[in-house]
Amino acid sequence: MNLGEMMTVVRDQAQTDSVDAPDGLLTFYARSAYQDIQSRVSQWPHLRESFVTNTVAGTPNYAFATFAPNTMEYIVSATVPDHVLWPMSRDEYRQVTRDSTSVGNPTHYMVDGAVVWLWPTPSVATNLSLSGYSSFDVWPDGGGGVSEPDLPRGFDTAIVFFMMARYYQSQEDVELYQQYMRDYEMTMHARQRCLYGSVD
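Starting from 1, residues in each chain are numbered consecutively following that chain's sequence as written. Since the coordinates come from a predicted model, pLDDT governs what is reported: local features require at least 70, and pairs of side-chain atoms require 80 or more to be given and counted, while whole-chain, interface and lining totals use all residues. Only hydrogens and water are set aside; all other atoms, that is, all heavy atoms of the structure, feed into the side-chain values.

S.K.: What is the right way to look at the overall build of the chain in this model?
M.R.: Elements are defined by DSSP. Helices are runs of H or I of four residues or more, strands are runs of E of two residues or more, and each kind is numbered from the N terminus. Helices and strands together make up the secondary structure of the chain, namely five helices and 10 strands. Principal-axis analysis of the C-alpha atoms gives the chain an extent of 70 × 35 × 30 Å. Evaluated residue by residue, the chain yields a buried proportion of 37% over its 200 residues. Working rule for contacts: check all heavy atoms of both residues, and any pair within 4.5 Å makes them a contact. Across the chain, contacts joining residues at least 24 apart in sequence account for 66% of those joining residues at least 6 apart. Counting rule for charge: Lys and Arg are taken as positive, Asp and Glu as negative, and neither His nor the chain ends is counted. Every charge is mapped to an atom, namely NZ of Lys, CZ of Arg, CG of Asp or CD of Glu. For the chain, the separation between the mean place of its 12 positive charges and that of its 24 negative charges on side chains is 5 Å. Any residue under 20% of the maximum accessible area for its type is buried, any over 50% is exposed, and the rest in between are partly exposed; the area is computed with a 1.4 Å probe on protein chains only.

S.K.: Explain the sheet that holds strand β10 (residues 127-134) here, please?
M.R.: As a general point, the strands of a sheet are linked pairwise by backbone hydrogen bonds and lie either parallel or antiparallel. Strands are treated as partners if at least two bridges between them are detected by DSSP. With respect to topology, four strands assemble into an open sheet ordered β1-β10-β3-β4, the strand pairing being antiparallel. The outermost strands of the open sheet, each flanked by one partner alone, are β1 (48-54) and β4 (83-84).

S.K.: I tried to follow the nonpolar core on my own but got confused; where do I start?
M.R.: Buried together is how nonpolar side chains tend to be arranged in soluble globular proteins. Ile 37, Trp 44, Leu 151, Ile 159 and Met 163 are the most contacted members of the largest nonpolar core, which totals 33 residues. Per-element accounting of this core gives the leading share, nine residues, to helix α4 (residues 156-170). Excluding residues that lie within four positions of it along the chain, Met 163 makes contacts with Met 6, Met 7, Val 10, Leu 26, Tyr 29 and Ala 30. Residues belong to a common nonpolar core when they are buried Ala, Val, Leu, Ile, Met, Phe, Trp, Tyr or Cys residues joined through side-chain atoms within 4.5 Å.

S.K.: Just checking my understanding: could you explain the pairing of strand β8 (residues 115-119) for this structure?
M.R.: Regular strands place their side chains on alternate faces of the sheet. Burial along β8 is one-sided: Val 116 and Leu 118 are buried, while Val 115, Trp 117 and Trp 119, pointing the other way, are not. Bridge count between strand β2 (residues 61-63) and β8: three bridges; the pairing is antiparallel. Paired with Tyr 62 across the bridge in β8 is Val 116. Sheet topology note: the strand β7 (residues 108-112)/β8 ladder contains five bridges and is antiparallel. Following the sheet pairing, Tyr 109 is matched in β8 by Leu 118. A loop of two residues connects β7 with β8, the two strands running antiparallel in sequence, and Gly 113 in this loop sits at a positive phi of about 65°.

That is the geometry; function is a separate question.
Listed below in structure tokens is the structure:
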């Protein structure tokens, strides 16, 4: 369901029009719902990405910008052909590289901003496989309301419930605001269960 369709549903359900519920206001409500939904799940399956790049002998750091396609926002695992690399914090990386630079087969990785650092520094070129998650598309995107949110389609209903709730809140109708917020939370709970089979 795109934004235009969502706004039509809200106005139809509330028996109102674009004067009482203008596009700008409903767009703001939709964006707020979209951002709230994103924050409810730490790792969205549809955003999972995997990349393979080549290390360079003597080079410990690799920028996200060199990955193709360049959509990864953060990394959750790294492997070389014979083993999985252990993650380490920035403090741990600084500690082990403070006095000397070790060279060899990497056993650990550290992410600093949009750069992956390997330790020890690779002594030879090899494949480096990275898994992580890309960022959400901006939505609503200002394209006339024809784009759909970057979410599994089951979350469209949740966005509509949130928009309805916020509309009634603006009308100072506490009862309907609370009703639609309950519908929003129930839908979110159900959709999160569909993603992983359970909710934390």
